[in-house]
Amino acid sequence: MVSALAVKRLLRILASTCMIAAITWIAYILHAKAFIAGFLYLLLVLPIAFLWGFVEATIASILAVSCLDYFFTQPLLNFYMSDPQDLFALAAFETVVLFISRLAARLRRQALETAEHQASAARLYAMSKELLFIDRGEPVGPQLALLIADVFDAATVAIWNAQSAKLDAAGTQGITEDEMRAAHLRESPQDDHKSGKLLRPLSLRSRRLGTLCLVSGPNNRIDGRSADAIASLAAIAMERERAFLAESSAEASRQSEQLRSAVLDGLAHAFKTPLATIQAASSGLVEIGRLSAVEEELVAAIQTETQHLTDLTTQALQTARLEDKQLKVNKERILVETFLHTDWSQFAHGLKGHPLKIEAPDKGCSVWADPRLLQMALSQFLDNASKYAEPASPIRLCAAVTDSETVFSVHNRGSYIFPEEGEKIFQRFYRSPDSRYRAPGTGIGLTVAKQIVEAHLGHVWMESDVHSGTTFYMGLPHIHREVR
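Residues numbered from 1 in each chain as written. Predicted model: local features only at pLDDT ≥ 70, side-chain atom pairs only at ≥ 80, totals over all residues. Heavy atoms only, no water.

Q: Is there a simple way to explain the overall build of the chain in this structure?
A: Each helix and strand counted, the chain has 11 helices and 12 strands in total. Expressed as a percentage of the 484 residues in the chain, the buried residues total 38%. Taking contacts inside the chain between residues at least 6 apart in sequence as the whole, the part at least 24 apart equals 66%. Counting every atom, the chain has about 27,800 Å² of accessible surface; 59% of that belongs to carbon and sulfur. (Helix = DSSP H or I, 4+ residues; strand = E, 2+ residues; numbered from the N terminus. Buried < 20%, exposed > 50% of the residue type's maximum accessible area, 1.4 Å probe, protein only. Contact = heavy atoms within 4.5 Å. Areas by Shrake-Rupley, 256 points an atom, 1.4 Å probe, with all protein chains shown as cover.)

Q: Help me out: how do you make sense of the pattern of salt bridges in this one?
A: Enumeration according to the criterion identifies eight salt bridges in this entry. The residue K387 makes a salt bridge to D383 at a minimum N-O spacing of 3.5 Å. Linking K387 with D383, this pair stays in helix α10 (residues 371–388), spanning four residues, or about one helical turn. A single network of salt bridges, built from pairs that share partners, joins R9, R12 and E56. (Salt bridge = Lys/Arg side-chain N within 4 Å of Asp/Glu carboxyl O.)

Q: Just to check I follow, could you spell out the nonpolar core for this structure?
A: As a rule of thumb, nonpolar side chains are buried together in soluble globular proteins. Ranked by internal contacts, the top residues of the largest apolar core, which has 35 residues, are F381, F408 and M474. Of all the secondary-structure elements, those providing two or more residues to this core are α9 (336–340), β8 (366–369), α10, β9 (395–401), β10 (405–412), α11 (445–455), β11 (459–465) and β12 (469–477). Among the elements that take part in this core, α10 stands out by supplying eight residues, more than any other. Excluding its chain neighbours within four sequence positions, the residues that come into contact with F381 are V410, F426, L446, A449, V460, F472, Y473 and M474. Of all hydrophobic cores here, the second largest spans 31 residues; its members include L147, F152, L214 and A237. (Core = buried A, V, L, I, M, F, W, Y, C linked by side-chain atoms within 4.5 Å.)

Q: In this structure, what is going on with the sheet that holds strand β7 (residues 356–359)? I would like to understand it.
A: Backbone hydrogen bonds are what pair the strands of a sheet, in a parallel or an antiparallel way. Strand order in this open sheet of five strands is β7-β9-β10-β12-β11, and the pairing throughout is mixed. The open sheet has two edge strands with one neighbour each: β7 and β11. Direction aside, the axes of adjacent strands within the sheet are offset by 15° on average. When β11 meets β12, the two strands line up antiparallel, connected through seven bridges. The partner of D465 across the bridge, within β12, is G469. (Pairing = 2+ DSSP bridges. Axes fitted to C-alpha atoms, helices over the stretch in contact; angles between N-to-C directions.)

Q: Can you walk me through a nonpolar patch on the surface in this structure?
A: A cluster of nonpolar side chains, namely W25, I26, Y28, I29, L30, L76 and L77, defines an oily patch on the protein surface of about 730 Å² accessible area. Among the secondary structure elements, I29 is positioned in helix α1 (residues 4–29). Exposure remark for I29: the relative accessible area of 47% places this residue in the partly exposed category. (Patch = residues over 30% accessible without salt bridge, like charges linked within 9 Å, V, L, I, M, F, W, Y side chains within 5 Å.)

Q: Looking at this structure, how should I read empty space enclosed by the protein?
A: Over the atoms rolls a probe the size of a water molecule, and its path tells where empty space is left. Evaluated as defined, the whole model comprises two cavities of 30 Å³ or more. In terms of lining residues, the largest cavity is bounded by L131, I134, D135, R136, E138, V140, A237, R240, E241 and F244. Looking at the lining of the largest cavity element by element, the count peaks at four residues for helix α7 (residues 224–288). Here the second largest cavity is characterised by a volume of approximately 40 Å³. If you trace the second largest cavity, you find it lined by A183, R186, E187, S188, Q190, L199, R200, P201 and T211. For the lining of the second largest cavity, the elements supplying multiple residues, two or more each, are α6 (177–186) and β4 (197–204). (1 Å grid on protein atoms, 1.4 Å probe; cavity = no way out; pocket = protein on both sides within 12 Å on 5 of 7 lines; lining within 4 Å. Points joined across faces, edges and corners; volume = space filled by probe spheres on them.)

Q: Looking at this structure, how should I read α10?
A: What sets the pattern is the α-helix's 3.6 residues per turn: residues three or four places apart point alike. Counted at 1.5 Å a residue, the expected span for α10 with its 18 residues is 26 Å, and the 26 Å between its end C-alpha atoms agrees. Among the 18 residues of α10, 15 are classified as buried, and the element is accordingly described as predominantly covered. For α10, the capping residue at the N-terminal end is D370, with a side-chain oxygen 3.1 Å from the backbone nitrogen of R372. (Expected span 1.5 Å × (residues − 1). Polar contact = N/O pair within 3.5 Å; in protein donor to acceptor, adjacent residues only side chain to side chain.)

Q: For this particular structure, what's the right way to read the packing of helix α2 (residues 34–51) against helix α3 (residues 54–72)?
A: For any two helices packed against each other, the geometry comes down to the angle between their axes and how far apart the axes lie. Their axes nearest at 9 Å, the elements α2 and α3 cross at an angle of 170°. Put simply, α2 runs roughly antiparallel to α3. Taking contact as the criterion, the partners of A34, A37, G38, Y41, V45, I48 and A49 in α2 are, on α3, E56, A57, A60, S61, A64, C67, L68 and F72. Here the residues of the contact of α2 with α3 are counted per class, giving 12 nonpolar, two polar and one charged. (Parallel < 35°, antiparallel > 145°, perpendicular 65-115°, else oblique. Nonpolar A, V, L, I, M, F, W, Y, C, P; charged D, E, K, R; others polar.)

Q: What exactly am I supposed to notice about the packing of aromatic side chains here?
A: Given two aromatic rings, one states the distance between the centres and the angle between the planes to describe the pair. Under the defined criterion, the tally for this structure stands at seven aromatic pairs. Relative to W344, the ring of F339 has its centre 5.7 Å away and its plane inclined at 85°; by these criteria the two rings are edge-to-face. The buried category is assigned to F339, whose relative accessible area is 8%. Ring geometry for Y416 versus F418: centroids 5.2 Å apart, planes at 75°, classification edge-to-face. Members of the aromatic cluster, joined through ring pairs, are F339, W344 and F408. (Phe/Tyr/Trp six-rings, centres within 6.5 Å; stacked < 30°, edge-to-face > 60°.)

Q: What should I look at first to understand the sheet that holds strand β1 (residues 156–161) in this one?
A: Spatially, β2-β1-β5-β4-β3 is the arrangement adopted by the five strands of the open sheet, whose pairing is antiparallel. Looking at strand neighbours, the two that pair on one side only are β2 (166–171) and β3 (190–192), the edges of this open sheet. Taking each pair of neighbouring strands and ignoring which way they run, the sheet shows an average axis angle of 15°. Sheet topology places β3 next to β4; three bridges connect them, and they run antiparallel.

Q: Help me out: how do you make sense of the pairing of β12 in this one?
A: For a regular strand, side chains alternate in direction, first toward one face of the sheet and then toward the other. Counted residue by residue, β12 has eight buried out of nine residues, so it is predominantly covered. Bridge count for β10 against β12 is eight bridges, and the pairing is antiparallel. Note that in β12 the partner of V407 across the bridge is G475. In this structure, the hairpin formed by β11 and β12 is closed by a connection of three residues.

Q: Help me out: how do you make sense of the pairing of β2 in this one?
A: With six bridges joining them, β1 and β2 adopt antiparallel strand pairing. Following the sheet pairing, I159 is matched in β2 by D168. In textbook terms, the turn of a hairpin is the stretch between consecutive antiparallel strands, and for β1 and β2 this stretch comprises four residues, one of which, A165, has a positive phi near 55°.

Here you go:
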């Protein structure tokens, strides 16, 4: 089957032949000299080269030289030349014509490429403007595919989103998910000239977002450089969608946290009154003094667990205040050695089952902090250590002074925390899968400690070893004035 380009070229050649024949007939009738006829042929071949191309101009120049030899050089009506100079003249004429035709064809091709680049740049500019008006409330994939197909007159546009594993397409040619997934795994641009598909990876800052497939339409050919630019704009649009979703999720999470803090604060206040009543009633029973040994033991258990509930309620209340930034830090100078020798059993539930070893620095060492909050933070570390330590194993409470901060640490044996959980355990309500069934807990104690330390402009961290156990640290800087 003859292509449309071949038919068009054949028609141009026939038209060139007819025009050369017309010039030849006119010049021959007028008895024009060879120089005049050659000049007329040159005036014809140059526009052919500029408008139609090098092939048409070359064929026209060969026909022109043949006619010039046959009709205008001696002997006439004969391809034989009696004067060798005519042969050199014709050769020079053909050389000049071919050189100029080649140059004209190159200029024509460059002009066409320049026009294509300008049109592509205009389309890219139009696409970049339209991207600003994409509805962020709807998925960006379908909108992006339709936009590219509309702006670039593409037959088919397919976008594979690697994050959601979803394919969005616009156009007539079917593109399968398996095909796009395979192209995504190849991670390199691919041009299939047989099917006309241009495959480009969608990436931004070395992060793979997906794959773009383009199939040119009948009215516009999409080249490789344009496909690269389209892929870059598409990647930016997909990244904007991801950032918008992350921002929306963060805002929803913030509002959820505010609601949860308000509920937590309300429940903590609501629990305070009945707990105080239970404590007062159990204390009254002890004061009466008429209880049997078993009854006294039961009342003691009630008082212990009531105190535990009171501590948990206080912890929840402090958590809500810390999150709402309502907690005021009243710093004062604290002697570290005296502070460490507090009776920690009244703050850390369950600590009585473990010997507490205290290692304090020199007597003169001090730290600027809120003693009540610092005591609460350390009690969380101690309570956490007592829950997960080996039965009856010692717990070590230490303090050390460096050039920039005072570091408190709590160490226990028998527990291990994986490195990847080092940051998660300080998140609220997070409990390690390996330890959540070993001991009861709410998952907010370490969060309270972290927030208290950060309110003092300090930081917390932990170190864990399978053999030696786990150590929690808090570092408080050597400052006593509030940073504003």
